[in-house]
Amino acid sequence: MATRGAFSDLFFTTALPVLEDIIMEQYGSKPDMIPMCFNVESSDKWGEQDTTITGLGLVPSKAENAAVNYDDVMQGYDTTYTHTTYGLGVRFSKEMIDDEKWGLIKKTAMSLGRSMFNTRQITAANVLNNAFTSATGPDGVQLCSDVHPLIGGGTASNELAAAADLSVTSLRQAFNDLEDTVDERGLLINVSPRYLLIPNELIWDAEELLKSSQRPATTDNDINAFQIKNVDYMVWNYLTDADAWFLLTEKMDHSLKFFEREAVNTSSDYDFEADAAKTKIRNRFSVGWSDWRGIFGTPGTA
């Protein structure tokens with residue numbers, strides 16, 4: 001009867017567990033922006049479905065002894081999140097192991113963890129990278145648009161009327177516009193910006209705008225009025241447009257969603273025919289948005 005053999009048994013009990021630890025350590029070595037920007041939820045199905053409702057209109061006055069008026073909520077837009085499986089493996093030949101090329105094996109294992117980290121960050125960040133272009137959402141337009149159709153009639157906007165680079169004027173306008181966000185019936189939902197989300201190229205501007213004690217880019221002694229707002233900035237290196245920027249509310253007030261169907265995991269096996277050890281990393285998730293409210297952005301002018 002064929003058996004795995006002394007080589008494979010030794011490698012499985014000593015080297016492979018170490019390699020799997022190296023893979024996961026490398027995967028978790030950098031800040032993960034997904035839980036900062038998205039509502040992360042677990043899933044135990046093929047996918048998830050989400051829907052919105054319109055809410056109710058204003059409450060009318062009621063005369064004494066008169067019957068109360070009734071209103072009905074209407075179904076909004078449906079969103080389907082279909083989970084995608086991601087996986088990548090590497091092989092280590094017996095010769096490579098016998099010759100003690102541990103440094104190369106370790107670097108390869110680290111690269112596998114780095115690959116999965118980048119895959120998740122890029123896939124999630126593309127929700128925002130495509131916010132002004134081709135990717136449309138449940139209401140038929142892009143995530144950031146000035147023509148979001150309202151079921152109760154009319155349209156609404158979550159981008160600046162004219163694209164603008166990050167500045168005192170544009171940020172002030174974005175704050176005002178976000179706080180004027182309405183529901184499907186045209187009623188204010190009363191949200192406020194919590195984070196300014198930027199690519200790494202805008203960190204200098206964000207620091208000056210939000211952290212300076214006095215108003216930036218002026219010789220006057222004006223205070224920095226942005227400090228009356230509880231707004232911080234977040235830098236995400238996976239945002240690809242160097243001058244696009246976004247405002248996000250608290251996560252409870254927006255619907256950027258990341259569904260984790262199967263957590264990142266590693267597994268290993270031995271290929272008897274090839275005399276090679278195999279290690280792979282795997283993950284299954286979906287990401288997107290169910291409603292545009294709570295997100296505001298502009299692509300900048302470049």
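Cut-offs and rules
Residues numbered from 1 in each chain as written. Predicted model: local features only at pLDDT ≥ 70, side-chain atom pairs only at ≥ 80, totals over all residues. Heavy atoms only, no water. pLDDT = per-residue confidence, 0-100. Contact = heavy atoms within 4.5 Å. Salt bridge = Lys/Arg side-chain N within 4 Å of Asp/Glu carboxyl O. Helix = DSSP H or I, 4+ residues; strand = E, 2+ residues; numbered from the N terminus. Buried < 20%, exposed > 50% of the residue type's maximum accessible area, 1.4 Å probe, protein only. Polar contact = N/O pair within 3.5 Å; in protein donor to acceptor, adjacent residues only side chain to side chain. 1 Å grid on protein atoms, 1.4 Å probe; cavity = no way out; pocket = protein on both sides within 12 Å on 5 of 7 lines; lining within 4 Å. Points joined across faces, edges and corners; volume = space filled by probe spheres on them. Nonpolar A, V, L, I, M, F, W, Y, C, P; charged D, E, K, R; others polar. Pairing = 2+ DSSP bridges. Axes fitted to C-alpha atoms, helices over the stretch in contact; angles between N-to-C directions. Patch = residues over 30% accessible without salt bridge, like charges linked within 9 Å, V, L, I, M, F, W, Y side chains within 5 Å. Areas by Shrake-Rupley, 256 points an atom, 1.4 Å probe, with all protein chains shown as cover. Lys, Arg positive; Asp, Glu negative; His and termini not counted. Charge placed at Lys NZ, Arg CZ, Asp CG, Glu CD.

Q: Is there a simple way to explain the confidence of the model for the protein in this structure?
A: A low pLDDT means the predicted coordinates there should not be read in detail. Across the protein, pLDDT averages 88, with 91% of residues at or above 70. Predicted confidence for residues 1–7 stays below pLDDT 50, and this span has nine contacts to residues more than four positions away or in other chains.

Q: It is not clear to me how the pattern of salt bridges should be interpreted in this structure. Could you clarify?
A: If the charged atoms of two oppositely charged side chains come close together, the side chains can form a pair. On inspection of all chains with the given rule, the structure shows 10 salt bridges. For Lys-229, the salt bridge is made with Glu-179, and the minimal N-O distance between the two is 2.8 Å. With Lys-229 in the loop between α6 (203–211) and β8 (232–235) and Glu-179 in helix α5 (residues 168–179), this pair connects stretches of sequence that are 50 residues apart. Assessed through its relative accessible area of 30%, Lys-229 is described here as partly exposed. The partner of Arg-282 in a salt bridge is Glu-262, with the nearest N and O atoms 2.9 Å apart.

Q: Is there a simple way to explain the environment of Asp-50 in this structure?
A: As for its position among the elements, Asp-50 is in strand β2 (residues 47–53). If sequence neighbours within four positions are ignored, Asp-50 has contacts with Tyr-77, Asp-78, Thr-79, Tyr-81, Lys-257 and Ser-290. A distance of 2.7 Å separates polar atoms of two side chains, one belonging to Asp-50 and the other to Lys-257. Only 2.7 Å separates the side chain of Asp-50 from the side chain of Ser-290, close enough to count as a polar contact.

Q: Can you walk me through empty space enclosed by the protein in this structure?
A: With a probe scaled to a water molecule rolled over the atoms, the places where space remains empty come into view. In total, this model carries one cavity of 30 Å³ or more according to the counting rule given. Put simply, the largest cavity is a space of about 40 Å³. Around the largest cavity sit Thr-52, Tyr-77, Pro-138, Asp-139, Glu-184, Trp-289, Ser-290, Asp-291, Trp-292 and Arg-293, which together line it. Looking at the lining of the largest cavity residue by residue, the classes come out as four nonpolar, two polar and four charged.

Q: What am I meant to see in the sheet that holds β8 here?
A: Hydrogen bonds between backbone atoms are what pair the strands of a sheet, whose relative direction is either parallel or antiparallel. With mixed pairing, four strands are arranged side by side in an open sheet as β8-β7-β9-β12. Two strands close off the open sheet at either side, each with one partner strand: β8 and β12 (295–298). Ignoring which end each strand starts from, the neighbouring axes of this sheet average 20° apart. Direction of pairing for strand β9 (residues 245–248) relative to β12: antiparallel, over a ladder of four bridges. Its bridge partner being in β12, Trp-245 is matched across the sheet by Thr-298. Contacts from α5 reach β7 (195–198), β9 and β12 within the one sheet, and its direction differs from that of β9 by about 40°. Lying on the sheet, α6 is in contact with β7 and β8; it crosses β8 at an angle near 170°.

Q: Would you mind showing me how to read a nonpolar patch on the surface here?
A: On the surface, Ile-53, Leu-56 and Val-73 cluster together to form a nonpolar patch covering roughly 270 Å² of accessible area. Its place among the elements puts Ile-53 in strand β2. We classify Ile-53 as exposed; its relative accessible area is 56%.

Q: Looking at this model, I keep getting lost on the sheet that holds strand β10 (residues 256–271). Mind explaining?
A: Pairing in this open sheet of four strands is mixed, and the strands run β1-β10-β11-β4 from one edge to the other. The sheet terminates laterally at β1 (39–42) and β4 (84–93), the two strands that pair on one side only. If you compare each strand with its neighbour and ignore which way they point, the axes differ by 25° on average. Here β10 pairs with strand β11 (residues 276–289) via 13 bridges, running antiparallel. Note on β11: the bridge partner recorded for Asn-265 is Arg-282. Where helix α4 (residues 102–129) meets the sheet, it contacts β4, β10 and β11, and its direction lies at approximately 10° from that of β11.

Q: Could you clarify how one ought to interpret unusual backbone geometry in this entry?
A: Negative phi characterises most residues that are not glycine, and trans characterises most peptide bonds. Here Asn-65, not a glycine, exhibits a phi torsion of approximately 70°, which is positive. You can see Asn-65 is positioned in the loop between β2 and β3 (75–82). Residue Asn-65 is classed as exposed on the basis of its relative accessible area, which comes to 76%. At Asn-190, a position not held by glycine, the phi torsion is positive, near 55°. Here Asn-190 is to be found in the loop between α5 and β7. Take Asn-190: its relative accessible area is 64%, and that puts it in the exposed class.

Q: Looking at this structure, how should I read a negative patch on the surface?
A: A cluster of acidic residues, Glu-95, Asp-99, Glu-273 and Asp-275, forms a negative patch on the protein surface. Along the chain, Asp-275 turns up in the loop between β10 and β11. Look at Asp-275 and you get partly exposed, because its relative accessible area is 31%.

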